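What follows is each chain in one-letter form.
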Amino acid sequence: MPLQDGRDRLILVGRLGAAHGVRGEIRLLSFTQDRAAILSYAPLFDRAGTRAFSLRASRPLKDGAFIVRLGGVDSREAAQALTNLDLYASREKLPATQEEEFYVADLVGLLAQDPEGRPIGHVRDVLDYGAGQILEVAPEAGGETLLFPFTRAVAPGVDLAAGVIVIAAPVEIEAREEAGGDAADAP
């Protein structure tokens, strides 16, 4: 949905945390590669792009977090009302990606197809639980989503212009119980 001022893409860059103190300060967790870069992307927006937040002051905490003062947020209650609000930056404020580097928003919605060009589904999300990124793909035929590691071996080709990502699904290995043997001993 295009925004009124012409921005058509917002990228998730952070999340507001708990209120800090009584004067409207609030914690801000940055999701940007350079954690402090989020401060230069203001104004930040809510998911719908309808509310803009200016940063009036900030000071760093540990682990990529900051204590910030937002324009129009002058009380603890106003800050508490924003707890866990995701913040988005206008796409044009963000740096260009390098080769083989993507914003999650660029990948979501891509058609996933196998190396022969047969459709698998569409990328629904990119998950990251700390051990590497995982592509969540909604299958064309419906049913439970499929999960693929986002590695060069499994996703050897991404063509943003064509809206396609090639998925070379790994061969699944299942242990088989053999008569008189343990599943761990199965070939």
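Residues numbered from 1 in each chain as written. Predicted model: local features only at pLDDT ≥ 70, side-chain atom pairs only at ≥ 80, totals over all residues. Heavy atoms only, no water.

Caption draft 1: Layout of the overall build of the protein chain. Of the regular secondary structure elements, the protein chain holds two helices and 13 strands. Out of the 187 residues belonging to the protein chain, those deemed buried represent 33%. Entry remark: accessible area of the protein chain is about 11600 Å², with carbon and sulfur atoms responsible for 50%. (Helix = DSSP H or I, 4+ residues; strand = E, 2+ residues; numbered from the N terminus. Buried < 20%, exposed > 50% of the residue type's maximum accessible area, 1.4 Å probe, protein only. Areas by Shrake-Rupley, 256 points an atom, 1.4 Å probe, with all protein chains shown as cover.)

Caption draft 2: Inspection of the environment of L70 at higher detail. Along the chain, L70 falls in strand β6 (residues 65–70). Placed 15 residues apart in sequence, L70 and L55 show a C-alpha to C-alpha distance of 4.8 Å. Ignoring anything within four residues of it in the chain, the contact list for L70 reads L16, I26, F53, S54, L55, R56 and L82. (Contact = heavy atoms within 4.5 Å.)

Caption draft 3: Representation of the side chain of E136 in the model. Position of E136 among the secondary structure elements: in strand β10 (residues 133–139). The class of E136 is buried, set by a relative accessible area of 12%. Side chain to side chain, E136 and T145 meet in a polar contact 3.2 Å long. With residues near it in sequence (within four places) discarded, E136 still touches H122, V123, R124, D125, L127, T145, L146 and L147. (Polar contact = N/O pair within 3.5 Å; in protein donor to acceptor, adjacent residues only side chain to side chain.)

Caption draft 4: Just the pattern of salt bridges, in detail. This structure, assessed with the given rule, holds ten salt bridges. The residue R15 makes a salt bridge to D86 at a minimum N-O spacing of 2.6 Å. Placement of R15 in strand β1 (residues 10–20) and of D86 in strand β7 (residues 86–90) is noted, with a sequence separation of 71 residues between them. Assessed through its relative accessible area of 23%, D86 is described here as partly exposed. Its salt-bridge partner being D114, residue R118 comes within 2.8 Å of it at the nearest N-O pair. Overall, the relative accessible area of 11% leaves D114 in the buried class. Taken together, the shared-partner salt bridges in this structure form one network comprising R9, R91 and D106. (Salt bridge = Lys/Arg side-chain N within 4 Å of Asp/Glu carboxyl O.)

By themselves these figures say nothing about function.
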